[in-house]
Structure formats: C-alpha cells, structure tokens
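Results of the structural survey
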Amino acid sequence: MALLEIAGLHVRYGNIEVLHGIDLRVGEGEIVSVLGANGAGKSTTLLSISGLVKASAGSIHLGETPIHKLPAHAIVKQGIAQVPEGRRVFGTLTVEENLSLGAFVRDEKGEVRQTLGWIYELFPILAERRRQLAGTLSGGEQQMLAIGRALMSRPRVLLLDEPSLGLAPLLVKAIFQTLKEINGKGVTMVLVEQNARAALKLAHRGYVMELGRIVLEDSSSALMENPEVQAAYLGGEKGR
Amino acid sequence: MEQFFLQLTNGLAVGGIYALIALGYTMVYGVLKLINFAHSDLFTLGAYLGLTLLTSMALTDRLGPFWGTVLLAFMVMLLIAIVGALLDRVAYRPLRQSPRLSAVVSALGASIFLQNTVMLVYGARFQVYPQGILPSTAIRVMGLDIPMVRLIVLCTSTLMMLALFFFIQKTKTGTAIRAAAIDQGAARLMGIDVNRVILMVFLVGPALGGVAGLLVGLYYGQINFTMGWGYGLKAFTAAILGGIGNIPGAMVGGILLGVIEAMGAAYLSIAWKDAIAFCVLILILIFRPTGLLGERVAEKV
C-alpha cells in the first residue's frame, strides 16, 4: 500500500498541457527521487501534490484520502509539506518566525516546541541565528531553514524541490546526510533533483521524467547502472 | 515655544488620523498589491455612520461621554469592517485572477459608488456633529492648555496602533498576514489560507479607517461626502512616505506628515501646508525611493 499515490495526473497551464498522465507511487518511509532535465515537469508534479497547481485530470491520494481537490492549505494539514524551489523563506521575518509559520497548522504548543528543539538539533546554526532575519542568512542556511520550516508541520511526506541548487558540494553532502537522518525518523520523501548522483545515492527508488511523462522507474541502484541514465544524467563516465 | 508644542499636539492628532487611514491602504497593498481607492470612502462612511449612531441612539447621554464614545467607536469599526469585507467580496475577489489593472479600475468604480451612495443618503451639504458630545474644556498638561478633544483623538489613534502592532507582530494570524504579504505561494505551503488572510485585511483596515472618520467628525465637527478625497490622498501619501506595505511605516509616515503639515501651517503659511507636505514626500522619495521603512529591495537568490 503506497502512502502517496499519483495516478494519471494531467496538468495544464492555460491551453498547454505540461503533464501527460503521471503515475507515481511512494511507499511509507521511502525516499523517492524524481530526475529529469529542465522543463520535464518535475516541479509541476510537486506543486500539484501540494495543491498550488490544480490537476486537470487524474488523482492524488495520501493513504486513502484523495487530496487533488483540496486547497493548498488543507493539504498541509493532511500531512504533506514542501521545501519549494528557491527555498522561498520569508526574508523579512526572523528565523524563528519562519519556523513557527511552518507549524501554522498545528495547535498543540508543547509539541510544537518539541519539534522546534528537534530542528535546532538537526541544524544548530539555525538556533544560533534564531533572532536574525531570514533574508540575511547564507544560501545554505536558508536551505536548512526551508527544510526545518517544512518539518515543523510534522509531515508524513516531505517534498523537496532542488535542495542542492546553488550550494557548494560539501554543503550538499551535509544537507543530504541530514535528510537521511530525517528519513530515519520515519519521514517519507519525494526528492526532485538536478544533481542526479547525490539524489540516487540518497533515494531508495527513482523516476525519470521527460517532457511531462515518466519514462523510467526503478530502484536507485538499477538506475545508476542504467546506461541511458548514466549518459543523460550522471555525466556518462561509466557508459563511455 | 508654547506655540510650538501646541502645534505639535495638533500635528500628532491629525497625523494619528492619517496613520489610521494609511494602515488600511498599506495592509491591502501588502497582501494584494492593490491600491484600494475605495478606502477613503470607507473612511467617509465611518464619519457618517458615526454621526447617525450618535444622534439616533443618544449613546453619550445614556453612558456618559467616555463609554458612549468608546461604544460608538466599536460600533463604527464593526459596521465599516463588514462593509470592507463586502467590498472585497463584490469588487475585488471576482478579479483575483485577472490582471492587476482590472482590480484598480474596480477600486475606482467602488470609490465612486460609495461616495455617491453617501451623497444620496445624507445629501451633499456639510453635516455637523452635535456639539458637547465631548467636553470642550482644555486640560493643562505640562503648562500647556490642550483641548480635551485633541487628547482623545491622540489617545484613540495611539491605542488603535498599539493594538494593531501587537496583533500583527505577536499573534499567529498576524504572522500569517505578514507571511502572505511576503510570498503568497510560500504562505499557502505553510498551510495558511490566503483567502482568510485577505478577508482579515479587509476587516481590520476598513475598521481603522472608519474610526478615523469618526475621529475627524469629533475633532472638526463637520463632515462632507467628499472629505475622503483629501484625507485619502494624505493618508496614501503617508503610506508611501513610510514605505507602502509596511505597517510601522504607515504609522510613522502618517504621524510625520501630520506634524510637518501643522508646523508648515503655523510657521510658513497655512495656504501652503499641502504643498509643504508633498515637497517633503518628494524629498524623502528622492533619497529613499521605497519610503522611510520600506525594504531596500532584497536580492532573490
């Protein structure tokens, strides 16, 4: 039984259809990566899971619950949080205000405080900078904040859109290590990445998208051995 | 020197009124990037509804000047808040997905509609607030004789602004409003219902504008259906002066504008007071194009 199941998802922007029937399943506790070139429809897929983009056909289920007709804010309440592309932290709010907004859908103050403690454990630098405006953080710190903010809602599924974008390799390594740790706590993840190597190393399974369709689905290790994937997304050094 | 301090209190009182109106402009702009031109007419409506309630319910006779006025203020706030929410529902919400200019045109239409409604109902002549609602005595504060009305206006606007500041900075809903003003999409990803935020903004902003209308009625004693034009323009200027979209900015801008105007009228020429106010605006915008407290446009990574 999949925790998150997308079936036959079509999305159109005006007259142009950008997703032509996506099927994607994510099991409980899994990390699933979605690879593909720019414009393949990866971000659109994530945005439609979160409800910021509406499906023109098809369905998205979280467990038994259909969520594709819910407004975005209700989907968060169902247990799906997103770390959006470009981080989109609230720059003129403090780090702690950003984090508290992440818990907007939760009411139990004591438990929220506990989650906050956990986030500060995961990213100690955020605790140090809690009174600072988020806009003054470095790119890496902002990415940590965006991840922490999404986790504040205690999501069952965490969607990550290009968390490595614009970050130094060492930082990417550290952040992906933390993602693994978070997954160890039972958070299911969907990871959209250009950095296919890092993504496949972290993920259990992967999907490859091209022009609004899923063209390949396999375990991460199998995808890494796949010559086409190597040529297109891993720099092809093994294929040649 | 005494003249200076008297003018200062006058400027602060008028500035407080500007600030209350400016908050409505700036809150709506912050979330929707829309200049709500009808806001100045909600202000006018506040003055008129205040007058009607005052004369028809005799609140101040029954409850005394203090509690009567307090209750009156709350009733005006409530009514104008409802009108504000209706305005959004009818004039702006249907255009949410349309180009921004459509909503601006709709705002102008709503403004004309409200203004003419007030004229049809109350007539085009000046209306006079009954005398003696508030004690016309002066109070001696630090050697200055300050009219009671002025103090009441000052206290009311200060209290309102403090309440709003607390609401915006410290409450969950307030933080949600700030978040939605920065990035609506990201706010929705936090589980914030942006439609509720917009509704909130259209309740709170007009409520403050309505109270400002009531205060003008009490302070100057006479109101007219076109009064929104002048005050709206000044308040809008104040919002820009402080940095539009910025709530503390609207407060600072309003008070500053009121004081500058009062000083200009007292020491330079009363006929030039508007010109002086706008010259200051232009000067400030030359050196700080985003207003006094406006963000210096942050780079997006």
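See the structure shown above.
We now turn to the structure provided with this report. Everything numeric here is computed off the predicted structure, so don't read it as measured data.

1. Details of helix α3 (residues 59-92) of chain B
Along its 34 residues, α3 of chain B runs just 35 Å from first to last C-alpha, ending more than 12% under the 50 Å computed at 1.5 Å per residue. Of all the bends found along α3 of chain B, the most pronounced is centred on Pro 65 of chain B and spans about 120°.

2. Description of the nonpolar core
Nonpolar side chains in soluble globular proteins tend to be buried together. Residue and element names in this part refer to chain B. The biggest cluster of nonpolar side chains holds 168 residues, and the ones touching the most others in it are Ala 19, Ala 22, Val 31, Ala 180, Val 197, Val 201 and Val 211. The dominant element in this core, judged by the number of residues it contributes, is helix α1 (residues 2-32), at 16 residues. Once residues lying within four places of it in the same chain are set aside, the contact partners of Ala 19 are Ser 157, Met 161, Ala 238, Ala 250, Met 251, Gly 254 and Ile 255.

3. What to know about the interface of chain A and chain B
On the side of chain B, 17 residues touch chain A, which itself brings 23 residues to the contact. Taken together, the residues of the side of chain A that touches chain B sort by class into nine nonpolar, eleven polar and three charged.

4. Description of the sheet that holds strand β7 (residues 157-161) of chain A
Residues and elements named next belong to chain A. Taken together, the six strands give an open sheet; going across it, the order is β6-β7-β8-β3-β9-β10, and neighbouring strands pair in mixed fashion. For this open sheet the edge positions go to β6 (80-83) and β10 (213-219), each flanked by a neighbour on one side alone. Here the average twist between neighbouring strands, direction ignored, is 20°. Sheet strands touched by helix α1 (residues 42-50): β3 (31-36), β6, β7, β8 (188-192) and β9 (205-210). Its angle to β7, the strand with the most contacts, is close to 145°.

5. Considering the packing of helix α5 (residues 148-170) of chain B against helix α8 (residues 194-220) of chain B
Each pair of packed helices can be summarised by the angle the axes make with each other and by the distance between the axes. Residue and element names in this part refer to chain B. The geometry of α5 relative to α8 is characterised by a closest axis approach of 10 Å and an angle of 170° between their N-to-C directions. With respect to α8, the axis of α5 lies roughly antiparallel. Contacts from Val 149, Val 153, Thr 156, Ser 157, Met 160 and Leu 164 of α5 reach α8 at Leu 208, Val 211, Leu 215, Leu 218 and Tyr 219. Here the contact of α5 with α8 is built from residues that sort into nine nonpolar, two polar and no charged.

Reading guide: rules and limits
- Residues numbered from 1 in each chain as written.
- Chains lettered and ligands numbered in written order.
- Predicted model: local features only at pLDDT ≥ 70, side-chain atom pairs only at ≥ 80, totals over all residues.
- Helix = DSSP H or I, 4+ residues; strand = E, 2+ residues; numbered from the N terminus.
- Expected span 1.5 Å × (residues − 1).
- Bend = angle between axes of the 7 residues up to and from the residue.
- Core = buried A, V, L, I, M, F, W, Y, C linked by C-beta atoms within 7 Å.
- Buried ≥ 20, exposed ≤ 12 C-beta atoms within 10 Å, placed from the backbone.
- Contact = placed C-beta atoms within 7 Å.
- Nonpolar A, V, L, I, M, F, W, Y, C, P; charged D, E, K, R; others polar.
- Pairing = 2+ DSSP bridges.
- Axes fitted to C-alpha atoms, helices over the stretch in contact; angles between N-to-C directions.
- Parallel < 35°, antiparallel > 145°, perpendicular 65-115°, else oblique.

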